[in-house]
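Structure assessment
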Amino acid sequence: MNEIICPNCNKAFKVDEAGFADILKQVRDHQFEEELLTRLNLAEKEKESAVKLAEANVRNSLQEQLAKKDNELTEIKAQKASELQQLKSKLDNAEVEKKLAVNEATQKVEKERDELANVVKIKDTEKQLLEKSLSEKYSAELKEKDAIIKHKDEEIALRKDMKLKLSTKMVGETLEQHCETEFNKLRATAFQRAYFEKDNDSKTGSKGDFIYRETDEAGNEIISIMFEMKNEGDETATKKRNEDFLKELDKDRTEKKCEYGVLVSLLEADSEYYNSGIVDVSHKYSKMYVVRPQFFIPIITLLRNAAMNSLQYKSELALVRSQNIDITNFEDKLNKFREGFSKNYLSAQSHFQEAIKKIDVSIAAMQKVKEELTTSENQLRLANNKSEDLTIKKLTHGNPTMKAKFDELK
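Since we're looking at a predicted model, the values are computed, not measured. (Residues numbered from 1 in each chain as written. Predicted model: local features only at pLDDT ≥ 70, side-chain atom pairs only at ≥ 80, totals over all residues. Heavy atoms only, no water.)

Considerations on the overall build of the chain
Note the threshold: Helix and strand definitions follow DSSP, with helices as H or I runs of at least four residues and strands as E runs of at least two, each counted in order from the N terminus. Between buried and exposed lies partly exposed: a residue is buried under 20% and exposed over 50% of the maximum accessible area for its type, with that area taken using a 1.4 Å probe on protein chains only. Two residues qualify as a contact provided that any one of their heavy atoms is within 4.5 Å of a heavy atom in the partner residue. In these tables, accessible area is a Shrake-Rupley quantity obtained with a 1.4 Å probe, and a residue counts as shielded only by the protein chains included in the view.
Per the secondary structure count, the chain includes 10 helices and eight strands. Here the chain holds 410 residues, and the buried ones make up 26% of them. Counted over contacts in the chain with a minimum sequence separation of 6, partners at least 24 positions apart contribute 59%. Accessible surface, the chain: about 28,700 Å² in total, of which carbon and sulfur atoms supply 54%.

This is the structure in structure tokens:
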């Protein structure tokens, strides 16, 4: 057993080994705790020092970073302020430029507006002057036209009055003068061997207006036409008809030994029948035609060309008659020839009349007229071929008397 003195009361007490070991353990534990506590305290202090140091370090670091950030922020603010100042300066400049551009554009627009206003004003002035000028011009023209119309009305009234005062004979003579003038225009060139004069022979009690005759170089008559001209005043109370004068014309034609009779007429002015062109009235009177004044020359040309194609036949006929040849069978053959020629002639005449109608209706139908005239030419060519084919030899065939006469002539 061991004796242990209490440090608090200084009393001695004995402790066995187990107790001593226990006390020793306690002492050791106490020392350990004290040492541990001391160390803990020390560690705590070190910790606090380390924390404080760390905090100081962090604080310093943060302060440095904050200072750095402050510097950077200051720099950024300065940079931003500079940029803002530049932007503001640019904005100020832009605003100034904008104001200048607006002012310039405004001035330009105002200038253009003023110029346009001046142009409009000038145009208005020109328009007013033009309107005034046109008004004066048209007013003068209207006055002039009114004067012309008045003059024409007076002239028409005068002519109507003159026409009313004209006798029927004088009205007819104006148409005669027209036809004579138209013929004389072509006499020297187209009708050099033609006779065209007024019919002044009234021995039989009546006479026509004009006689047309034409002969060849040998004196053989090619064609002869008796013309009658009929006109009528607009105010004539009793209107005459073309048919009223055909009988007398046929009588004059026969008495004056003319081959054809032609009535040049302005009667029945509204008749489509007589206005169609050359009207053949041979169904009433032989070789008789009625025409308007515009067809006066064409009817002469038509009949003259047809007669020219039969000229050889007429020449041979005149030669045979002058030699007193027996014409018993000769006339039969001539009659057959005449029938063939007449048929061809009437066919040609029909086509030619159709052509004249087409000419009178429309110039645009000239191609049709050409075809009709071509057909007419072919018919006339056939007639001419027949006349050329009519020889003395053929005429004397089967006629001993005529053959003997011709043999004697040879």
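Here's the deal with a nonpolar patch on the surface
Threshold: Grouping into patches uses exposed residues only, defined as over 30% relative accessible area, and leaves out salt-bridged ones; the cut-off is 9 Å for like charges and 5 Å for nonpolar side chains (Val, Leu, Ile, Met, Phe, Trp, Tyr). Note on definitions: salt bridges are taken to be side-chain nitrogens of Lys or Arg within 4 Å of carboxyl oxygens of Asp or Glu.
Together, Leu36, Leu37 and Leu40 make up an exposed nonpolar region whose accessible area comes to about 260 Å². Relative to the assigned elements, Leu40 resides in helix 1 (residues 17-165).

A few points about the pattern of salt bridges
Where charged atoms from two side chains of opposite charge approach closely, those side chains can pair. Enumeration over the complete set of coordinates arrives at 14 salt bridges. Arg304 is the partner of Glu214 in a salt bridge, and the nearest nitrogen-oxygen pair spans 2.6 Å. Taken together, the positions of Glu214 in strand 4 (residues 210-215) and Arg304 in helix 5 (residues 296-309) put the pair 90 residues apart, joining distant regions of the chain. Glu214 sits in the buried class, given a relative accessible area of 3%. In the salt-bridge network here, residues are joined through shared partners; they are Arg241, Glu243, Asp244 and Lys284.

Notes on the pairing of strand 5 (residues 221-230)
The test is simple: The pairing criterion is simple: DSSP has to find at least two bridges between the two strands.
Counting buried residues along strand 5, eight of its 10 residues qualify, which places the element largely inside the surrounding structure. In this antiparallel pair of consecutive strands, strand 4 and strand 5, the connection spans five residues, and Gly219 shows a positive phi of 90°. Bridge analysis of strand 5 against strand 6 (residues 260-265) gives six bridges, and the strand direction is parallel. Across the sheet, residue Met226 finds its bridge partner in strand 6, namely Gly261.

Digging into the pairing of strand 6
A regular strand carries its side chains on alternate faces of the sheet. With respect to burial, strand 6 is a largely interior element, six of its six residues being buried. What you see with strand 6 is no split at all: Tyr260, Val262 and Val264 on one side and Gly261, Leu263 and Ser265 on the other are buried throughout. Where strand 6 meets strand 8 (residues 288-291), four bridges bridge the pair, whose relative direction is parallel. Bridging from a neighbouring strand, Gly261 pairs with Met288 of strand 8.

Looking at helix 5
The following threshold applies: The span expected for a helix works out to 1.5 Å for each residue beyond the first.
Look at helix 5: 21 Å from first C-alpha to last across 14 residues, which is about the 20 Å you get at 1.5 Å a residue. Along helix 5, the positions that sit buried rather than exposed are Phe296, Ile297, Ile299, Ile300, Leu302, Leu303, Arg304, Ala306 and Ala307.

Some details on the side chain of Asp209
For clarity, the threshold we go by: His is not counted, nor are the chain ends; Lys and Arg add positive charge and Asp and Glu add negative charge.
Here Asp209 is to be found in the loop between strand 3 (194-198) and strand 4. Notably, Asp209 is buried but unbridged: the nearest opposite-charge side chain belongs to Lys198, and the N-O separation is 4.8 Å. In this structure Asp209 touches Glu176, Glu197, Lys198, Asp199, Phe227, Glu228 and Met229, once residues within four positions along its chain are discounted.

Observations concerning helix 3 (residues 246-255)
What counts is decided by this rule: When we speak of the arc, we mean the arc of directions from the helix axis to the C-beta atoms.
Buried residues of helix 3: Leu246, Leu249, Asp250, Asp252 and Arg253, and no others. Seen from one end, helix 3 has its buried residues packed into an arc of 165°, which puts them on one side. Contacts made by the buried residues of helix 3 are with strand 5, strand 6 and strand 8. Just downstream of helix 3 lies Lys257, where phi reads positive at about 55°.

Brief notes about the environment of Leu311
Residue position: Leu311 is located in helix 6 (residues 311-322). Overall, Leu311 belongs to the buried group, its relative accessible area being 19%. Separated by 96 residues in the primary sequence, Leu311 and Thr215 place their C-alpha atoms 9.8 Å from one another. Apart from residues no more than four positions distant in its own chain, Leu311 is found in contact with Asp216 and Ile222.

Concerning the sheet that holds strand 8
Basically, it comes down to this: Interaxial angle, 0 to 180 degrees, is taken between N-to-C directions of lines fitted to C-alpha atoms, where a helix line uses only the stretch in contact.
Spatial ordering of the open sheet is given by 3-4-5-6-8-7, a layout of six strands whose pairing is mixed. Bordering the open sheet on either side are strand 3 and strand 7 (279-280), each of which pairs with just one other strand. Its contacts with the sheet put helix 5 on strand 3, strand 4, strand 5, strand 6 and strand 8, and the angle it makes with strand 5 is roughly 160°.

Quick word on the packing of aromatic side chains
Going by this rule: Two aromatic rings, drawn from Phe, Tyr or Trp (for Trp, its six-membered ring), form a pair once their centres lie within 6.5 Å of each other, and the interplanar angle then sorts them: stacked below 30 degrees, edge-to-face above 60, tilted otherwise.
Within this structure, the stated rule accounts for 10 aromatic pairs. With 4.9 Å between their ring centres and 20° between their planes, Phe183 and Phe191 make a pair best called stacked. In terms of burial, Phe183 and Phe191 fall into one category: buried. Each ring, one from Tyr260 and one from Tyr289, has its centre 6.4 Å from the other, and the planes form 45°; the classification is tilted. Taken together, the positions of Tyr260 in strand 6 and Tyr289 in strand 8 put the pair 29 residues apart, joining distant regions of the chain.

Examining the nonpolar core
This is how it is decided: By nonpolar core we mean a set of buried residues, namely Ala, Val, Leu, Ile, Met, Phe, Trp, Tyr and Cys, connected to one another through side-chain atoms within 4.5 Å.
Of all hydrophobic cores here, the largest spans 28 residues; its most connected members are Tyr212, Phe227, Phe296 and Ile299. Looking at this core, the elements that each hand over two or more residues are helix 2 (168-190), strand 3, strand 4, strand 5, strand 6, strand 8 and helix 5. For this core, the element with the highest residue contribution is helix 5, accounting for seven residues. In this structure, Phe296 is in contact with Cys179, Glu182, Phe183, Phe196, Phe227, Met229 and Val264, ignoring residues within four places of it in sequence. Leu246, Cys258, Val279 and Val290 belong to the second largest nonpolar core, which has 13 residues in total.

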